[in-house]
Amino acid sequence: MTWIDWLVVGVVMAGLGVVGWRVQRMSRSVAHYTVAGRQLGMWLMMSSGMAGGIGLVSIVAMAQTGFNQGLSFIWITLFSMLFINIPLFGILGLGVMRYRATNVQTLPQYYEMRFSRSVRLFAGITLVIGGVLNMAVFPIVESHVLVAFLGLPETFVILGVTCKTVLVLLFILLAMAVYFAVMGGMVSVTVTEYLQSWIMAISLGALLYFVLARVGVARAEQNLVAVRGDSAFNPFAAGSLGIAFVFTVIAQNIVSKLAFPPSLQVTSSMRNPRIVRISTLLTSIFGISAGLAFVAFGIAALAMFGPDVPADPAASEIYQRALVGRMAAGVLPTVFMGLALSGFICASISTNDAYLLSWGSVLCNDVICPIRSKPYTPEEHIRALRWTIVGIAVFIFFFGVFYTPKESVLQFFYMTGAIFSGCGLITWFGLYWRRASAAGAWAALVLAVVLPVGWMLFRQFAPGAIDESWAKENRVQDWVTLGALVIPALAMVAVSLATGGTTKFVDYGERLREIQQREASAKEPV
Amino acid sequence: MTGLQSFLFTFTEISVVGGFAFWFLTLIMGIFDLRRFLREINESGVDAADDGRVT
């Protein structure tokens, strides 16, 4: 990094900071703060959504998949795109349009409307636990990438105190994300994400060009075939993803569509259900393919550094997570180094601020507010949202300090994601099944939490109790994750049928038709 | 290299180029949407009752 590179980074960050500060005054109500006044248009949503969806951690996760499993992941992507995302969500608008028609700010708010206040409260707690654990690994992984990219030492001494570089970077990344999330909520996040999306598109595009120019597309491809063999192309081959992982990804793809508050908060922020459907269709077709670029980073890294990794599992994970950073540092010229660092930081902030806002909104609106006897005034409510976000960030910092990697980043995502997949199940049942009851929702939520949380605690606190190589070979973790989806779904059906009675079902299909008729007469643009 | 492997590599290459092209398209079209969003947010009223509570 030369002074020109640091100048590039400084200008980009200062510009974003000023924009974030200036748009904060536009957030004048709770609805502005949490769902941007429901004024998001299609193109703005997609462009800022690209930045929000592509975190530095997801670049690392996809690159790690490309490094270890080559292109075998593509089959899942293709299957999901052709048979789930495009027909179900993009063309039919299944689930997502009805969800937008509910007009809720957060997912658990719908649970109170459909089931009961206690389901809202429990689901809120579940979502926050799963979601915060899910994102807690983001900043620490991203810090490792930046350390590798900048070639920083493991520790440094300042005023006689020895500091771990990765923890200092962890603090800086979190502080920047908190700044944008706290400033103006969804309005600030949307506007700054849009600008960050420009920086990311240019810098990641340039990085891909320089990486492939250095390695050579043909060489990277031939190397992948030679080193990984069939497992790089066949997800069911030995050493590849495994059948349990494949089914888990497909099932979570469907369930998480109505379980993941950061995405649903964007859905709630859009102008109307029709825009939700069209943007879902377009991002289903094109959004996934940008992710393949990051798989290509991993394949290129395999050609540059070879397949050897450290023998110790934790050291191996850290090594693999740092590959993108090391590779970028090795190929980029001056100015592009600064641009890439800006892109990496933007990728980190854009995801972390949106997630902090989302989990903060759920914690404040769906856990704290329902148990308060006296409702907040709008000013108090926004202040409470801000402090909740800060509190989550503090937790994530300490998680990063003590966390030791036991699995790949992608496996960690799916495992923690399974904790709140129970919420996706009850949303689907709630929107489409008249007989889905509050008791059924309770059963599904409890079971969806018990399995993955129990497994995760067992792995962290009893490391010697299970043969690690046996667990890895038999994909135990993937089967646990899959079980955490299937068993709660069966429980929801069984308990709802057993308890019976009337429910608070609203046919949002009917409401959608009314909205569409109204829009057709008003000719509202996308 | 087998036919299947060649197909996967070609699919990835086309997807990556298409994905980046689409990304830039959304950014360019997003300029107009951003202007409209800022204008409408500024002009929109404040609904104090829309605070996430179910009443």
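Bear in mind that the values here come from a model prediction, so they are computed numbers and not experimental data.

(A) Representation of the overall build of chain B. If you tally the helices and strands in chain B, you get 1 helix and 0 strands. Expected size for 55 residues packed as a compact globule is a radius of gyration near 10 Å; at 22 Å, chain B overshoots this value by more than 25%. Projected onto its principal axes, the C-alpha coordinates of chain B cover approximately 65 × 30 × 5 Å. Here chain B holds 55 residues, and 42% of them are scored as buried. When the accessible area of chain B is evaluated, it comes to approximately 3,000 Å², of which 66% is carbon and sulfur surface. Placing the 4 positive and 7 negative side-chain charges of chain B at their respective mean positions leaves the two points 6 Å apart.

(B) Layout of the pattern of salt bridges. Residue and element names in this part refer to chain A. Within this structure, the stated rule accounts for 8 salt bridges over all chains. Residue arginine 98 pairs with aspartate 507 through a salt bridge whose shortest N-O separation is 3.9 Å. One end of the pair, arginine 98, is in helix 6 (residues 96-101); the other, aspartate 507, is in the loop between helix 22 (476-499) and helix 23 (508-522), and 409 residues separate them in sequence. When its relative accessible area of 16% is taken as the criterion, arginine 98 is described as buried. A residue is classified by how much of its surface remains accessible, and aspartate 507, at 32% relative accessible area, is partly exposed. In the salt-bridge network here, residues are joined through shared partners; they are Glu112, Arg117, Arg120 and Asp366.

(C) Layout of the interface of chain B and chain A. Every contact between the two is made by 41 residues of chain B and, on the other side, 61 residues of chain A. Taken together, both faces of the contact between chain B and chain A bury some 4,700 Å²; the carbon and sulfur share is 73%. A per-residue breakdown of the area chain B buries against chain A is headed by B:Phe22, B:Trp23 and B:Phe37, which together make up 15% of the total. Where chain B meets chain A, there are 1 salt bridge. The residue A:Arg271 makes a salt bridge to B:Glu40 at a minimum N-O spacing of 3.5 Å. In this structure, the connection of chain B to chain A is made through 9 residue pairs in polar contact (both at pLDDT 80 or more). Partitioned by chemical class, the residues of the side of chain B that touches chain A number 23 nonpolar, 11 polar and 7 charged.

(D) Representation of the pairing of strand 1 (residues 155-158) of chain A within the structure. Summarising the sheet, strand 1 of chain A and strand 2 (residues 161-164) of chain A pair through 4 bridges and their orientation is antiparallel. If you follow A:Phe156 over to strand 2 of chain A, its bridge partner there is A:Cys163.

(E) Inspection of the side chain of A:Ser358 at higher detail. Residues and elements named next belong to chain A. Looking at the element boundaries, serine 358 is found in helix 16 (residues 336-371). At 3.3 Å, the side chain of serine 358 and the backbone oxygen of proline 261 are in polar contact. In this view, serine 358 contacts Pro261, Pro262 and Gln265; residues no more than four positions away in its chain are not counted.

(F) Summary view of unusual backbone geometry. Within the chain, A:Ala36 stands out as a residue other than glycine whose phi angle is a positive 50°. Of note in the backbone geometry, A:Arg38 takes a positive phi value of approximately 55° without being a glycine.

(G) Spotlight on the confidence of the model for chain B. Mean pLDDT over chain B: 86, with 100% of residues reaching 70 or higher. For this predicted complex, the interface confidence comes out at an ipTM of 0.92, alongside a pTM of 0.87.

What counts and what doesn't
- Residues numbered from 1 in each chain as written.
- Chains lettered and ligands numbered in written order.
- Predicted model: local features only at pLDDT ≥ 70, side-chain atom pairs only at ≥ 80, totals over all residues.
- Heavy atoms only, no water.
- Helix = DSSP H or I, 4+ residues; strand = E, 2+ residues; numbered from the N terminus.
- Rg over C-alpha atoms; globule rule 2.2 N^0.38 Å.
- Buried < 20%, exposed > 50% of the residue type's maximum accessible area, 1.4 Å probe, protein only.
- Areas by Shrake-Rupley, 256 points an atom, 1.4 Å probe, with all protein chains shown as cover.
- Lys, Arg positive; Asp, Glu negative; His and termini not counted.
- Charge placed at Lys NZ, Arg CZ, Asp CG, Glu CD.
- Salt bridge = Lys/Arg side-chain N within 4 Å of Asp/Glu carboxyl O.
- Contact = heavy atoms within 4.5 Å.
- Buried area = accessible area lost by both parts, 1.4 Å probe.
- Polar contact = N/O pair within 3.5 Å; in protein donor to acceptor, adjacent residues only side chain to side chain.
- Nonpolar A, V, L, I, M, F, W, Y, C, P; charged D, E, K, R; others polar.
- Pairing = 2+ DSSP bridges.
- pLDDT = per-residue confidence, 0-100.

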